[in-house]
Amino acid sequence: MEKFKKITSSAVPLKIEDVDTDQIIPARFLKATKREGFGDNLFRDWRYNADGSPKPEFPLNNPKYSGSILVGGKNFGSGSSREHAGWSIYDYGFRVVVSSFFADIFKGNCLNLGILPIQVSEEFLTKVFDAIDSDNNTNFKVDLDNQEFTIEATKEKISFDIDPYKKTCLQNGYDDIDYILSIADKVEAYEKTSIIKELTHK
């Protein structure tokens, strides 16, 4: 997994509430077991017509929008627990998803895949959408170390919460196994101490 560094990027707005995982990646595209290629079908039914032609009004098809930040409406990622939803977002190129509410399982899946879900207040989310409407090239700064999300044009910022363990994993590019390996010496020391204590108490 890539290390998560500070990001300053423009954003793609998706002003839709209650976006569920079947809309993020339709079930018919879940047969693959590798993570590659899912970005092609991100929001497939919203991005393309039945004949496969792109819908020009959809934000991901609009050339004026770009960046590694996806801004969604309230209640993003509801529905099934499929990891593929996170895979498709990551494979498309997004590293941050902003919303005023995330489904818990989706949020956890994102963190496990190297995507930072940033939950903001509804009021601040409106400000983010307004900033993009005013200038589609406006940048946003994501500071994971200090857990701050900033609208660069106005310098308004908001703090966000993240589990300390998941923060460490993102900062170092660890999955759960990588993290265990990174503290292998501590695990071994603990095991030796536990064995000694067990033997001395017999």
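Quick caveat, the model's predicted, so the values are computed rather than measured.

Enquirer: Could you give an account of the overall build of the chain, with specific residues and numbers?
Expert: Summing up its helical and strand segments, the chain has eight helices and 10 strands in all. When the 202 residues of the chain are sorted by exposure, 42% land in the buried category. Residue pairs at least 24 apart in sequence account for 64% of intrachain contacts in the chain once pairs closer than 6 positions are excluded. With the model as given, the accessible surface of the chain reaches about 11,000 Å², and the carbon-plus-sulfur share is 49%.

Enquirer: A description of unusual backbone geometry should follow, citing residues and the corresponding values.
Expert: We note that Phe43 has phi near 55°; this positive angle belongs to a residue other than glycine. Within the secondary structure, Phe43 sits in the loop between helix 1 (21-24) and helix 2 (44-47). Positive phi, normally seen in glycine, also occurs at Gln147, with a value near 55°. Within the secondary structure layout, Gln147 lies in the loop between strand 8 (140-143) and strand 9 (148-151).

Enquirer: Break down the sheet that holds strand 1 (residues 7-9) for me, with residues and values.
Expert: Reading across the sheet, the four strands line up as 1-8-9-10 and stay open at both edges, with antiparallel pairing between neighbours. Each edge of the sheet is formed by a strand with only one pairing partner; in this case those strands are strand 1 and strand 10 (156-159). On average, each strand axis in the sheet is tilted by 15° relative to the strand beside it, whichever way the strands run. Pairing of strand 8 with strand 9, which is carried by four bridges, proceeds in the antiparallel orientation.

Enquirer: Just give me the short version of the environment of Arg28, but keep the residues and values in it.
Expert: Considering the arrangement of structural elements, one finds Arg28 in the loop between helix 1 and helix 2. Non-local contacts of Arg28, meaning those with residues more than four positions away in its chain, are made with Arg44 and Asp45.

Enquirer: How would you sum up the pairing of strand 9? Please name residues and give values.
Expert: In this antiparallel pair of consecutive strands, strand 8 and strand 9, the connection spans four residues, and Gln147 shows a positive phi of 55°. Pairing between strand 9 and strand 10: four bridges, direction antiparallel. Counted as the bridge partner of Thr150 is Lys157 from strand 10.

Definitions and cut-offs
Residues numbered from 1 in each chain as written. Predicted model: local features only at pLDDT ≥ 70, side-chain atom pairs only at ≥ 80, totals over all residues. Heavy atoms only, no water. Helix = DSSP H or I, 4+ residues; strand = E, 2+ residues; numbered from the N terminus. Buried < 20%, exposed > 50% of the residue type's maximum accessible area, 1.4 Å probe, protein only. Contact = heavy atoms within 4.5 Å. Areas by Shrake-Rupley, 256 points an atom, 1.4 Å probe, with all protein chains shown as cover. Pairing = 2+ DSSP bridges. Axes fitted to C-alpha atoms, helices over the stretch in contact; angles between N-to-C directions.

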